[in-house]
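Summary of structural features
So the chains spell out like this:
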Amino acid sequence: MLALVGICLFSGCTEEPKPTPPPARDAFASSSWSQHRLVVLGIDGATWAVIDPMIARGELPHFAALKQRGAHGELVSFLPSKSPVVWTTMATGRGARDHNVLDFTYPFRQGQPSGLVESHLRRVPALWNLASECDRSVAIVGYYVTHPVDVVNGWMLSDRFNSDPQVGIYPEELRDEMAAVRAQVTGPATRAELVKRFVPWDYDPLVASQPEHPLYRPTQYIHRRVDIQFFDDELVRRASRKALAEKPDLLVSYYRIVDNSSHAVWQFYDATDFAEKPDPEHVKLLSGLIPEAYRYVDEVLGEILSAADETTNIVVISDHGFGSATGPYRIVSDEAGWISGNHRSGGLLLAAGPDIAPGRVDGMTIFDVAPTLMALLGVPISEQLVGRVEKALLRPEFLAQHAPVFVPDYQSIRWARATQAGTSTEATERGMETLIALGYVSGQAQSGPQTNALEGKDLWTAEPVIRTEALVGELTYYLLRGDEDRLRKAGALLREKVPAELDTIAIRVSHHVGQIAVDLAGGALKPTVPVEITQRAQMLGIAAWQAFAKGDLEVVRRQLREARSTDEHGDDAVATVMGFHARVVLDRTLGSRSNLALQQRNQGR
Ligand SMILES: [Zn+2]
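Here is what the cut-offs are and how they apply
Residues numbered from 1 in each chain as written. Predicted model: local features only at pLDDT ≥ 70, side-chain atom pairs only at ≥ 80, totals over all residues. Heavy atoms only, no water. Donors = N, O, S within 2.8 Å, 3.2 Å for Na, K, Ca; no water. Helix = DSSP H or I, 4+ residues; strand = E, 2+ residues; numbered from the N terminus. Buried < 20%, exposed > 50% of the residue type's maximum accessible area, 1.4 Å probe, protein only. Core = buried A, V, L, I, M, F, W, Y, C linked by side-chain atoms within 4.5 Å. Domains from an automatic or database assignment. Contact = heavy atoms within 4.5 Å. Expected span 1.5 Å × (residues − 1). Bend = angle between axes of the 7 residues up to and from the residue. 1 Å grid on protein atoms, 1.4 Å probe; cavity = no way out; pocket = protein on both sides within 12 Å on 5 of 7 lines; lining within 4 Å. Points joined across faces, edges and corners; volume = space filled by probe spheres on them. Nonpolar A, V, L, I, M, F, W, Y, C, P; charged D, E, K, R; others polar. Salt bridge = Lys/Arg side-chain N within 4 Å of Asp/Glu carboxyl O. pLDDT = per-residue confidence, 0-100. Pairing = 2+ DSSP bridges. Axes fitted to C-alpha atoms, helices over the stretch in contact; angles between N-to-C directions. Parallel < 35°, antiparallel > 145°, perpendicular 65-115°, else oblique. Left-handed = near helix turned anticlockwise from the far one by under 90°.

The next subject is the coordination of the zinc ion. Only Asp44 (OD), Ser83 (OG), Asp319 (OD) and His320 (NE2) from the protein coordinate the zinc ion, and they sit 1.9 to 2.1 Å from it. Spacing between the donor residues of the zinc ion along their common chain follows D-x38-S-x235-D-H. With Ser83 in helix H5 (residues 83–92) and His320 in the loop between strand S9 (312–317) and strand S10 (321–324), the pair connects residues that are 237 residues apart, well separated along the chain. The burial state of Ser83 is the same as that of His320; both residues are buried.

Leu250, Leu475, Leu479, Phe548 and Met578 are the most contacted members of the largest nonpolar core, which totals 111 residues. Here this core spans two domains, and each of domain 1 (31–407) and domain 2 (463–604) adds at least three residues to it. Contacts of Leu250, omitting those with residues within four sequence positions, involve Leu38, Val40, Leu127, Trp128, Ala131, Ser137, Val138, Ala139, Ile140 and Leu377. Among the nonpolar cores identified, the runner-up in size contains 68 residues, and Ala139, Val185, Ala293 and Tyr296 belong to it.

An ideal rise of 1.5 Å per residue puts 24 Å on 17 residues; helix H18 (residues 464–480) measures up with 24 Å between its terminal C-alpha atoms. The sharpest bend along H18 comes to roughly 25°, located at Val472. Counting buried residues along H18, 15 of its 17 residues qualify, which places the element largely inside the surrounding structure. One or two positions beyond H18, positive phi appears at Gly482, with a value near 60°.

This paragraph deals with the layout of surface pockets. For the second largest pocket, the calculated volume is near 790 Å³. Lining the second largest pocket are 39 residues, with Ala49, Arg344, Asp519, Gly522 and Gly523 sitting closest to its centre. Tallied by class, residues from the lining of the second largest pocket come to twelve nonpolar, 13 polar and 14 charged. The residue makeup of the lining of the second largest pocket includes at least three contributed by each of domain 1 (31–407) and domain 2 (463–604).

Note that Gly327 resides in the loop between S10 and strand S11 (341–344). The class of Gly327 is partly exposed, set by a relative accessible area of 43%. Counting along the chain gives 54 residues from Gly327 to Asp273, while the straight-line C-alpha distance between them is 8.8 Å.

Moving on: unusual backbone geometry. The step from His147 to Pro148 runs through a cis peptide bond, and the omega angle for that step is -5°. Residue position: Pro148 is located in the loop between strand S5 (138–141) and strand S6 (154–157). The backbone phi angle of Asn100 is positive, close to 75°, even though this residue is not glycine. The residue Asn100 is located in the loop between helix H6 (96–99) and strand S3 (105–106) in this model. Residue Asn100 is classed as buried on the basis of its relative accessible area of 2%. Phi at Lys247 takes a positive value of approximately 55°, unusual for a residue other than glycine.

This paragraph deals with the pattern of salt bridges. As enumerated under the stated definition, the model contains 39 salt bridges in all. Two residues, Glu59 and Arg295, come together in a salt bridge whose shortest N-O distance is 2.3 Å. Placement of the pair is Glu59 in the loop between helix H3 (48–56) and helix H4 (61–69) and Arg295 in helix H14 (residues 289–307), with a sequence separation of 236 residues. In this structure Arg295 comes out as partly exposed when scored by relative accessible area, which is 28%. Among the salt bridges present, the one from Arg238 reaches Glu234, with a minimum N-O distance of 2.8 Å. Of the two residues, Arg238 and Glu234 both sit in helix H11 (residues 227–246), four residues apart, roughly one turn of that helix. Among the residues examined, Glu234 registers a relative accessible area of 6% and is labelled buried.

Confidence along the protein chain averages 88 in pLDDT terms, with 89% of residues attaining 70 or more. The low-confidence segment residues 1–31 (pLDDT under 50) makes 34 contacts with residues lying over four places distant or belonging to another chain. Across residues 445–452, where pLDDT falls below 50, the model places 16 contacts with residues more than four positions away in sequence or in other chains.

Moving on to the sheet that holds strand S2 (residues 71–76). Overall, mixed pairing links the nine strands, which are arranged S7-S6-S5-S8-S1-S9-S12-S2-S13 in an open sheet. Edge positions in the sheet fall to strand S7 (169–170) and strand S13 (359–360), since each of these pairs with one other strand and no more. Examined bridge by bridge, S2 and strand S12 (residues 346–352) share six bridges and lie antiparallel to one another. Pairing of Gly73 across the sheet is with Leu349, part of S12.

Turning our eyes to something else, we now look at the packing of helix H8 (residues 175–186) against H11. One way to put it is that H8 packs onto H11 with a least axis distance of 9 Å and a crossing angle of 135°. Here H11 runs oblique to H8, going by the angle between their axes. Along this stretch, H8 crosses H11, giving a crossing that reads as right-handed. In this structure, H8 contributes Glu177, Met178, Val181, Arg182, Gln184 and Val185 to the contact, and H11 contributes Phe231, Glu234, Leu235, Arg238, Ala239 and Lys242. A per-class count over the contact of H8 with H11 returns six nonpolar, one polar and five charged.

Structure (structure tokens):
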């Protein structure tokens, strides 16, 4: 009965459902909806590259257990590799151009007063809005870009509740309870305990402003870059315990400590890629931080596992992988060299539960997360979503009994923010400091009062470089799925809106194809040395491109590894060949002339 109410609202009807559904509803009514619960654990920046060796050493018992009995694989991530953009894509199933969270800050223009992106910018409903509309109960804890919070069927704590409790909680009645949790976490006893867990010296943030102090540099690596996250994540963890006890139909919790510590101290965790090796004294102090961050989220996973029963599906995801910030992954704005880790395309996918098919899942992407979670939850899936239900993740029996239900769009969905108030200046400044310290935002961006002008607040008025990045991931996804129809549609729109940018966009997409392939094969694109395209690279490149356009990433990995096995630049050469073939398809479908443009550009050099 509950499900029928959901269907009714989805189809835009406002009357109470009748006891006997009309014949036209048969298709909907006959699909019996799953009443299983879903717990989603989001770990920003988590990668198998750290998890697998830790599992092998007997650490991370809960990751190990889940991997052994569940489904696992690399979740393919796309540009823009910006966490708020990717997490919003995973919650909505839409590309940046539709969900409109295009960057860390907005307006999406350079040199303008910037604020942190907020939920106000999001233009499409998220998983929790849809679940609420279907009368499923939800608890959403600490998820990226949920500030200020939405009205939901359950409760929601925003990712910035810690710094801005006024608009960070729905419903109002929970404010005191959550304020008490917050007071515990930020109280001196818990503070000291948390710091001690992650930092093996007598940590004093004030040392970060004393360059002569012997602990100045180690303190700088932690201060603002990681330390705030100890408390924010602990707040999410403690708030999530409430939800684990209440057992809502959908629980989503999000943790950021792995991402922040991986940016800040990667060179101390793994110095392999660094020409200049880090100071051994600093290695002693900082090499344990990243593993400890993973042990922390493993404990969080353990709490989820012990609260789960036979009706609970658990899905663990990250928005991108991680590696060293060297070569093409160097962070340009970080002139002083504080940041040593950066993103990779391969994120984390791990799932288990009554409806999850165990085994390796290859080729699922960030665009496929939302539709797949909707299928698990029994929420209708809009045909406007970019991705697809990842059937390899779901048991055939589940799919047979609960076939995903599609609707043309979510036009009739009602969803609202709990408040129209914006973020406080203090919260904005604190968030901005961390973004600058992690190299996400240039230090010149000033935080200041928000302007109400529409300028710079959507794709078409954004800075061209932000617009290009926002489009690249979605177009690359269509290439991966061989979806020329959607490429043609996007091409028509781009020719109308930004004809002068079309070639640049196509070139960027083609480079992204190569970059993803190299990332997933465990290599690293070299800085722009002209690569020699041997006959062998041609052959492997064509095979890799054909596999990519069929979504067969295992074959792509194999071609690149083979190319690399005999030639250090072999994978670059294969990526270059893949890029050429991607541009042929893009030029045919988007209507760009990118191969010609690139040829002319290279001749001009
Ligand atoms: Zn991230």
